[in-house]
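Spelled out, the chains give:
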Amino acid sequence: MDVFYSALSEFRRRKFEDCINHCTQILEKSPYDQAAWTLKMKALTAQVMVDDIEVEEEGIADSVLNETMATTARPGTSFKNPTVLQSLALGAQRPKTNTGRPVSGVVRPGTIGSRGTLEQALRTPRSASSARPATAQSGRAIRLGTASMLTQSEGPFIQLSRLNLAKYASTKAVSKPLFQYIFYHENDILRAMDLVVEAMKVCDQKDWWWRLQHGKCYYIFGMMRDAETELRAALKLLPTLEVFLWLTRIYIRLDQPVTALDLCRTALQIFKDEVTLLTDIARIFEGINNIPLSVKYYREILHQDAMNVEAVACIAVHYFYSDQPELALRFYRRLLQMGVYNAELFNNLGLCCFYAQQYDMVVSCFERALSLAENENAADVWYNISHIAIGVCDLALAEQCIRLALSIDSSHAAACNNLAVLEYLNENTSVSFSLLQAASSVAPSLFELHFNRALLTEMVGDYHTSYTVVQKSIEVHPGHTDSHRLLKNLKTFFSYL
Amino acid sequence: MSGDVVANHYAGRPQTSSRPREPETPTSTGARGLSVHGEFEPLETNNWLLHLKYVRGEHETCKRLAHTELAKSQGHNEYANYVMGLILRIEGRIQESLDFFNKCRQLDPSNVDNVKQVARSHFLLGRPEQALAEYGSALKLGPPDWSLLHGLGLCYVQLGRLEEAAEALTRAVELGRTEESHRALARLHARSEPGRAIAAYRTACALFPSNPETAVELGQLHFEMAETQQAFDAWGTALCHDPAHPAALLALGAEFQRNDEPEVALTKYKLCAQRLPESSFLWNNIGMCFFAKKKFVAAISCLKRAIYLAPLDWKALYNLGLVHMHTHQFVSAFHFASASMKRNPLHVPTLLLLALALHSLADDTSARRAFEQALRLRGDSDAPELRANFAVFLKRIGQEEAARAQAELAMVAAARDPQLEQLLRAAFDAQPERPEDISQIRAEEDEV
């Protein structure tokens, strides 16, 4: 059989390793075979290529470089200043993660870290569950670079520095694979950019694909505004889904959720009912705390794609926190039928069963959850079991569960808080106090910790600490009436002559 | 942007001295006056301005001014020190404010105010013993002052020396007619001598009628002494001054609810809910209002919110059990009742509820034990509804003799109440489907 034919076939069957070997054979015989050369490039690229449209975790350092528009944005127009959460009057408030974001239905990039200023990011203690990468881009670049070096023992496949970019840019069949090879495999963005510039000269800037690649290069360099112009130009040439998604991503990085939403809506007029666009819209609404609208879009996703795990999970969480555990239970059962089988799901099923008063299932759900749990989520499972124990007022069991949770994850602030409350009920005020103090340094974004600490210190007469701590509580949760009342009481001591 | 924030943060600190002087403050002219004309200028020249800025609440300007004053006088301006202390206290930096007050005291040890502020700082830092000593030395410096005695009283309260506290506060009340002292005194007496507490509250109300808090506390005290009319009046006064005062509304609502007027109570609670959305007591009471109107689903969701807010509140758990009993969800009723009982094992109605739930779940042995435990807790006192339920239960498990005996006891306990008699007779004659639910005792809460 022809060697090139078999290489092509292997490429199509995604047997990249074999394909590369065959191409190398051809190239050894005739080093100027462009077809083999291109195929080898494509195979090498396909080995390491990732779907880079999916939003990445925003690194700490990246947030410094952000050219954000407004420093103090109006509520609802920025991820840093989301719509003020309606307090309990409209459904229960969602609990927050250690880093201060309200919990979401699924863990995806961006739900772990809180979008805030650099100071906030640095102040958030780094623990196993809240660590954020320092920068997003370099982390991936380093990984990919090493991967490409390992595969080639006798030196790199293409000596990029010796390449005549202008020549290759003019060859249409080679230029695009070459760009992808440089961009994804070699991760040499600067040189990729050179190639883009050459190629743009050839096509007279009329090719949307090259414009998009240009925008991507700018994005990686953090030059968001230049990327935006390139992508806008690409849209003018030909509105494609990929360009829309990249542009949305840029507006999210620029912290302009409203513009991103407008863009997605425009895109939806062209690409009707496109799930990726709907997902983006739903995520953005969730990011600015507009849960009802977010859920509306997740519902639309389910109309198009009834198997979308993210949508099902997010809707379920919404129902759970708006006092309808029965409905949440149905959505979680759907997930189970779809084949999701993990500790989180069983844990949520157990909680829903308990709050929907279907007691027969609770214990078995949690047993299953515990058997599936690994180190990262076992603490959460135990923490939730402690809630069940509190629900039936078995305080000894609750305490044991919390202690187990803390033994797995000592920085579980919510567990610390609950243990402190239980210890307070057992009249171990000093233990309770030290627990709260430890937890509030781990998770400064949980107002309960501050409020409880303020109450305790006020009780023992340390008005000074109480005064400062209750102010922190109000800063985190401005609508907490009990904190305001405590502060009002304390103020009489402080302003009085 | 980040640089700005940091710079602003440090600008607020009193330690940084290398700050450009404000052109609008007259200090620069004062400094020039000293150097050019060589005249002696009193330290207190700008005290009027300091005072003005302080009372107008312009704390930042005032602090800057105080700094320049202190720099000029090498820290010898007593009033500037004093004002710095006061402002830092308002900002919650008690330790730093104590340092300033200590300096004041070094400058003028005979000034009672200086010693008083030092004592107060100790009190705020949670060191009542030291505060006590300081107040003692302040009292020696001059004639007794109400504020000294008031502070002294608070320290005694903190240390648990209640008799001395009462003495100090009474003297404070005699010396100065202030609301704080009256209220502190009233709170001190509230547990031991409610009569004196009420008197203190009344004086406070008469002196300062515009403070709704005092009126609410007075009402609560009246209510605890079962003087409902006076309690109503006090809450009414509070609402006159603040028509949406949450505690007064909650108390009034509870009272209406107790008198079987759930509609009126609900209107009060609705007003209250805007100010107290996170109060479990409020949601509990709202839930029971709906229960009284036979709207069980609304009642359950309100009570569930109460439990979400306070998972260990046995009253809400008991109420939820009761509502579930009425909706014939016996397993849930049992769960909530047993949870409630774990928090408060001595509450007889919970045991009764538990027994009824167990009986409905066909666990008669456990139900019987629950009944017996309830009767044991009640002792020999009359418990007509408990005995009546027990009688019906015994009848249903086929123990006619014992049932008749219990029924007789119930009749005696209820003083031959015709209604109960009728119910019991009906139960005995007609083989009822379910045991009677005479357990419609509502658990309600007053104040937060």
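About the cut-offs
- Residues numbered from 1 in each chain as written.
- Chains lettered and ligands numbered in written order.
- Predicted model: local features only at pLDDT ≥ 70, side-chain atom pairs only at ≥ 80, totals over all residues.
- Heavy atoms only, no water.
- UniProt positions renumbered as here; feature names shortened; annotations may be inferred.
- Helix = DSSP H or I, 4+ residues; strand = E, 2+ residues; numbered from the N terminus.
- Patch = residues over 30% accessible without salt bridge, like charges linked within 9 Å, V, L, I, M, F, W, Y side chains within 5 Å.
- Areas by Shrake-Rupley, 256 points an atom, 1.4 Å probe, with all protein chains shown as cover.
- Salt bridge = Lys/Arg side-chain N within 4 Å of Asp/Glu carboxyl O.
- Lys, Arg positive; Asp, Glu negative; His and termini not counted.
- Charge placed at Lys NZ, Arg CZ, Asp CG, Glu CD.
- Contact = heavy atoms within 4.5 Å.
- Buried area = accessible area lost by both parts, 1.4 Å probe.
- Polar contact = N/O pair within 3.5 Å; in protein donor to acceptor, adjacent residues only side chain to side chain.
- Buried < 20%, exposed > 50% of the residue type's maximum accessible area, 1.4 Å probe, protein only.
- Axes fitted to C-alpha atoms, helices over the stretch in contact; angles between N-to-C directions.
- Parallel < 35°, antiparallel > 145°, perpendicular 65-115°, else oblique.
- Left-handed = near helix turned anticlockwise from the far one by under 90°.
- Nonpolar A, V, L, I, M, F, W, Y, C, P; charged D, E, K, R; others polar.
- Core = buried A, V, L, I, M, F, W, Y, C linked by side-chain atoms within 4.5 Å.
- Expected span 1.5 Å × (residues − 1).
- pLDDT = per-residue confidence, 0-100.

Some details on the UniProt feature "repeat: TPR" (unreviewed entry) in chain A
Logical step 1: Here, UniProt's "repeat: TPR" (unreviewed entry) annotation points to residues 343–376 of chain A.
Logical step 2: Helix makes up 85% of residues 343–376 of chain A and strand 0%, and the two end C-alpha atoms of the span are 10 Å apart.

Here we look at a negative patch on the surface
Logical step 1: Taken together, the side chains of Glu344, Glu374, Glu376 and Asp380 of chain A define an acidic patch exposed on the protein surface.
Logical step 2: Mapped onto the secondary structure, Glu374 of chain A falls in the loop between helix H19 (359–372) and helix H20 (375–391).

What about the interface of chain B and chain A?
Logical step 1: If you look at the interface, chain B gives 44 residues, while chain A gives 40 residues.
Logical step 2: For the chain B and chain A pair, buried surface summed over both sides reaches about 3500 Å², with 56% attributable to carbon and sulfur atoms.
Logical step 3: For the chain B face of the interface with chain A, the top three residues by lost area are Leu124, Glu278 and Arg305 of chain B, together amounting to 17%.
Logical step 4: For the pair chain B and chain A, the number of links is two salt bridges.
Logical step 5: Between Asp323 of chain A and Arg305 of chain B there is a salt bridge; the shortest N-O distance is 3.2 Å.
Logical step 6: Remark: the boundary between chain B and chain A carries 13 residue pairs in polar contact (both at pLDDT 80 or more).
Logical step 7: At the level of elements, helix H5 (78–90), helix H7 (112–124), helix H9 (146–159), helix H18 (296–309), helix H19 (314–326) and helix H20 (330–343) of chain B are the ones that each hand at least two residues to the side of chain B that touches chain A.
Logical step 8: Among the elements that make up the side of chain B that touches chain A, the one with the highest residue count is H20 of chain B (seven residues).

Observations concerning the side chain of Thr465 of chain A
Residues and elements named next belong to chain A.
Logical step 1: Within the fold, Thr465 resides in helix H25 (residues 463–476).
Logical step 2: Exposure remark for Thr465: the relative accessible area of 17% places this residue in the buried category.
Logical step 3: When near neighbours in sequence (up to four residues on either side) are disregarded, Thr465 contacts Arg453 and Thr457.

Remarks on the packing of helix H3 (residues 47–55) of chain B against H5 of chain B
Residues and elements named next belong to chain B.
Logical step 1: Between H3 and H5, the shortest axis-to-axis distance is 10 Å and the interhelical angle comes to 15°. Overall, the two elements H3 and H5 adopt an arrangement that is roughly parallel. Crossing of H3 over H5 shows left-handed handedness. Together, Asn47, Leu50, His51 and Tyr54 of H3 and Tyr79, Ala80, Val83, Leu86, Ile87 and Ile90 of H5 make up the contact between the two elements.
Logical step 2: In terms of residue class, the contact of H3 with H5 is made up of eight nonpolar, two polar and no charged.

Some words on the nonpolar core
Logical step 1: In this structure, Trp37, Ile158, Leu178, Phe179 and Tyr332 of chain A are the most contacted members of the largest nonpolar core, which totals 269 residues.
Logical step 2: Discounting chain neighbours no more than four positions away, the residues touching Trp37 of chain A are Leu27, Phe157, Ile158, Tyr168, Val174 and Leu178 of chain A.
Logical step 3: Counting nine residues, the second-largest nonpolar core is a separate cluster that includes Ala388, Ala391, Ala410 and Leu424 of chain B.

Let's talk about H25 of chain A
Logical step 1: Along its 14 residues, H25 of chain A runs 20 Å from first to last C-alpha, staying within 8% of the 20 Å computed at 1.5 Å per residue.
Logical step 2: Listing the buried residues of H25 of chain A in full gives Tyr463, His464, Thr465, Ser466, Tyr467, Val469, Val470, Ser473 and Ile474 of chain A.
Logical step 3: At its buried positions, H25 of chain A is contacted by helix H24 (447–460) and helix H26 (481–494) of chain A together with H5, helix H6 (94–107), H7 and H9 of chain B.

Remarks on the UniProt feature "repeat: TPR" (unreviewed entry) in chain B
Residues and elements named next belong to chain B.
Logical step 1: Using the residue numbers shown here, the UniProt feature "repeat: TPR" (unreviewed entry) corresponds to residues 78–111, 146–179, 212–245 and 280–313.
Logical step 2: End C-alpha to end C-alpha, residues 212–245 measures 8 Å, and it is 79% helix and 0% strand.
Logical step 3: In the segment residues 280–313, helix accounts for 79% and strand for 0%; the C-alpha atoms at its two ends are 8 Å apart.

Focus on the confidence of the model for chain B
All names here are of chain B.
Logical step 1: Residue-level pLDDT values for chain B average 79, and 85% of them are 70 or greater.
Logical step 2: In the predicted structure, residues 1–36 sits below a pLDDT of 50 and forms 35 contacts with residues beyond four places in sequence or in another chain.
Logical step 3: For residues 430–448, every residue scores under 50 in pLDDT, and the model assigns this stretch 62 contacts once sequence neighbours within four places are set aside.
Logical step 4: Listed scores for the predicted complex are pTM 0.81 and ipTM 0.77.

Quick look at helix H11 (residues 224–237) of chain A
Since the α-helix advances by 3.6 residues per turn, residues separated by three or four positions end up pointing in the same direction.
Logical step 1: Here H11 of chain A spans 20 Å end to end across 14 residues, near enough to the 20 Å set by a 1.5 Å rise per residue.
Logical step 2: Summarising the contacts, the buried residues of H11 of chain A are in contact with helix H9 (189–203), helix H10 (208–220) and helix H12 (241–253) of chain A.

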